[in-house]
2 protein chains.
Amino acid sequence: MLFNEAFKAIADPTRRKILSLLKSGDLTAGEIASHFDMQKPSVSHHLKILKQADLIQDQRVGQHIYYSLNTTVFQDLMSWFYDFLQKEGDK
Amino acid sequence: MLFNEAFKAIADPTRRKILSLLKSGDLTAGEIASHFDMQKPSVSHHLKILKQADLIQDQRVGQHIYYSLNTTVFQDLMSWFYDFLQKEGDK
DNA sequence: TCTATAATTAGAAAAATATCTAAATATCTA
DNA sequence: TAGATATTTAGATATTTTTCTAATTATAGA
């Protein structure tokens, strides 16, 4: 399970912003990078971490690599929080 | 808003375990520390970070300091994830 | 095949984080 | 008030993370 990787991935504000950008639709690495005051290799590094955590997927189309959300992990993470709101005692 | 602090606090496995322990009920700093292979000051440091993120509260009772969950922030965090599961397009 | 564009990988430097030991603070009890 | 217990604070060190520049890989088009 890459629960820990996912939590660590989401802990960074740049990466959370990347995820939010992808809510509106798939974007290329370059398009994502254009939203940040940061060099492309740095953004690429963040994308790699998000991908390793299975929060995003990538697909090459010609010269471009498109990134998209993988929402299945979000469900797992959300469940983790949900369990705290109905802490029935033992867990 | 201490959204970022909360996400960073939760990114650490030790701190997530502390939160899970508190689901079952309030615990003193010492009781919490006894669950870890780590010196007390290290655990104390984690408690401080969780407290700064408003994920837990503390209350002194005599020599002991009891820690308890503050679930209100969990709701906010959960909402953040929820928004990804119904990404209607713009956000 | 050569050149341009898109993106990543490599490696280094700087900043942030986790952990430790020692010392300090707070409270209880005799 | 003195000693014991619970806990935190201080300061140091080691590890991890973020970011940068330079170099590399992959693809498209002339």
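Because the structure is predicted, anything quoted here is derived from the model rather than measured.

Student: Help me out: how do you make sense of the protein's contact with DNA strand C in this one?
Tutor: Taken together, 22 residues lie near DNA strand C, and Gly30, Ser44, Gln63 and Tyr67 of chain A together with His46 of chain B sit nearest. Within 4 Å of the protein, the contacting atoms of DNA strand C are 76% sugar and phosphate, with bases supplying the remainder. Within the contact set of DNA strand C, a phosphate oxygen lies 2.7 Å away from a backbone nitrogen or oxygen of Gly30 of chain A. For the surface near DNA strand C, the secondary structure elements donating two or more residues are helix 3 (29-33), helix 4 (40-52) and strand 3 (64-69) of chain A together with helix 4 (40-52) of chain B. Ranked by residue count, the leading element in the surface near DNA strand C is helix 4 of chain B, at five residues. When grouped by side-chain class, the residues that make up the surface near DNA strand C number seven nonpolar, eleven polar and four charged.

Student: Sorry if this is basic, but what is going on with the packing of aromatic side chains here?
Tutor: Any two aromatic rings considered together are summarised by their centre-to-centre distance and by the angle between their planes. Counted according to the given criterion, the structure contains 15 aromatic pairs over all chains. Each member of the aromatic cluster is reached from another via a ring pair, and the members are Phe3, Phe7, Phe74, Trp80, Phe81 and Phe84 of chain A together with Phe3, Phe7, Phe74, Trp80, Phe81 and Phe84 of chain B. Lying across the ring of Phe84 of chain A, Lys23 of chain B places its NZ or CZ 4.6 Å from the centre.

Student: Before we go on, may I ask you to explain the relation of the copies chain A and chain B in this structure?
Tutor: Two copies of a chain can be linked by a rotation about an axis combined with a shift along that same axis. When chain A is fitted onto chain B, the two copies agree to an RMSD of 0.0 Å after a turn of 180° and an axial shift of 0.0 Å. In symmetry terms, the pair is related by a two-fold rotation axis. When you check the interface residues of chain A against chain B, 100% turn up at the interface there too, and the contact is symmetric in its surfaces.

Student: Would you take a moment to explain the protein's contact with DNA strand D for this structure?
Tutor: Of all residues adjacent to DNA strand D, which total 22 residues, the nearest are Ser42 and His46 of chain A together with Gly30, Gln63 and Tyr67 of chain B. Within the side chain of Lys8 of chain A, one N or O atom sits 2.9 Å away from a phosphate oxygen of DNA strand D. At a separation of 2.8 Å, a phosphate oxygen of DNA strand D approaches a polar side-chain atom of Ser44 of chain B. Of all the secondary structure elements, the ones that give two or more residues to the surface near DNA strand D are helix 4 of chain A together with helix 3 (29-33), helix 4 and strand 3 (64-69) of chain B. The dominant element in the surface near DNA strand D, judged by the number of residues it contributes, is helix 4 of chain A, at five residues. A per-class count over the surface near DNA strand D returns seven nonpolar, eleven polar and four charged.

Student: Mind showing me how you'd approach helix 5 (residues 72-85) of chain B here?
Tutor: Since one α-helical turn is 3.6 residues long, residues separated by three or four positions face the same way. All names here are of chain B. Taking 1.5 Å as the rise per residue, helix 5 with 14 residues should run 20 Å; its terminal C-alpha atoms sit 21 Å apart, in good agreement. Taken together, the buried positions of helix 5 are occupied by Val73, Phe74, Leu77, Met78, Trp80, Phe81 and Phe84. Down the axis of helix 5, the sector holding all buried residues measures 145°, keeping them to one side.

Student: Explain the sheet that holds strand 3 of chain B to me, please; I cannot follow it from the model alone.
Tutor: Strand pairing in a sheet relies on backbone hydrogen bonds. The paired strands run either parallel or antiparallel. Residues and elements named next belong to chain B. Taken in spatial order, the three strands make up an open sheet running 1-3-2, and their pairing is antiparallel. In this open sheet, the two edge strands, each paired with only one partner strand, are strand 1 (27-28) and strand 2 (56-61). Here helix 2 (residues 13-23) sits on the sheet and contacts strand 1, strand 2 and strand 3; the angle it forms with strand 3, its principal contact strand, is near 90°.

Student: So what exactly am I meant to see when it comes to the pattern of salt bridges here?
Tutor: Side-chain pairs of opposite charge can arise whenever the charged atoms involved come near each other. A full pass over the atoms with the stated rule returns two salt bridges over all chains. The partner of Asp58 of chain A in a salt bridge is Lys51 of chain A, with the nearest N and O atoms 3.0 Å apart.

Student: What am I meant to see in the interface of chain A and chain B here?
Tutor: Chain A puts 27 residues into the contact, and the matching count from chain B is 27 residues. In this assembly, chain A packs against chain B so that about 2800 Å² is buried in total across both faces, 73% of it on carbon and sulfur atoms. Broken down residue by residue, the surface that chain A buries against chain B is led by Lys23, Phe81 and Phe84 of chain A, which jointly contribute 26%. At the boundary of chain A and chain B, one finds zero salt bridges.

Student: Looking at this structure, I do not really get helix 1 (residues 3-10) of chain A. What am I missing?
Tutor: Considered for burial, the residues of helix 1 of chain A that qualify are Ala6, Phe7, Ala9 and Ile10 of chain A. Projected onto a plane normal to the axis of helix 1 of chain A, the buried residues spread over an arc of 160° and lie on a single side. Where the residues of helix 1 of chain A are buried, they touch helix 2 (13-23), helix 4 and helix 5 (72-85) of chain A together with helix 1 (3-10), helix 2 and helix 5 of chain B.

Rules used throughout
Think of each chain on its own: its residues are numbered from 1, step by step along the sequence as written. Just so you know, chain letters begin at A and ligand numbers begin at 1, following the order they were written in. Where totals are concerned, whole chains, interfaces and linings use all residues; where local detail is concerned, this predicted model gives features only for residues with pLDDT of at least 70, and gives and counts side-chain atom pairs only at 80 or more. Processing note: side-chain calculations cover all non-hydrogen atoms of the structure and skip hydrogens and water entirely. Proximity is defined per residue: if any heavy atom of the residue lies within 4 Å of a molecule or strand, that residue is considered near it. Polar contacts here mean pairs of N or O atoms no more than 3.5 Å apart (in protein, one a potential hydrogen donor and the other a potential acceptor; neighbouring residues in sequence count only if both atoms are side-chain atoms). Secondary structure elements are taken from DSSP: a helix is a run of H or I of four residues or more, a strand is a run of E of two residues or more, and numbering for both begins at the N terminus. Any residue that is not Ala, Val, Leu, Ile, Met, Phe, Trp, Tyr, Cys, Pro, Asp, Glu, Lys or Arg is counted as polar, Gly included; the first ten are nonpolar and the last four charged. When two rings of Phe, Tyr or Trp (its six-membered ring) have centres within 6.5 Å they constitute a pair, described as stacked for plane angles under 30 degrees, edge-to-face for angles over 60, and tilted for the intermediate range. Only when the NZ of Lys or the CZ of Arg is both within 6 Å of the ring centre and within 35 degrees of the ring normal is a charge said to sit over the ring. When the copies are superposed, the least-squares fit takes in the C-alpha atoms of residues with a pLDDT of at least 70 in both. Residues count as neighbours in contact if any of their non-hydrogen atoms are within 4.5 Å of one another. Helix span is expected to be 1.5 Å times the residue number reduced by one. Burial classes follow relative accessibility: with a 1.4 Å probe on protein chains only, a residue under 20% of its type's maximum area counts as buried, one over 50% as exposed, and anything between as partly exposed. Arc definition: directions from the helix axis to the C-beta atoms. Strands qualify as paired when DSSP identifies two bridges or more between them. A fitted line through C-alpha atoms serves as each axis, taken over the contacting stretch for helices, and the angle formed by two N-to-C directions is quoted from 0 to 180°. When a carboxyl oxygen of Asp or Glu is within 4 Å of a side-chain nitrogen of Lys or Arg, the pair counts as a salt bridge. By definition, the buried area sums, over both parts, the 1.4 Å-probe accessible area that each loses when the two are put together.

All we've got here are geometric facts, nothing functional implied.
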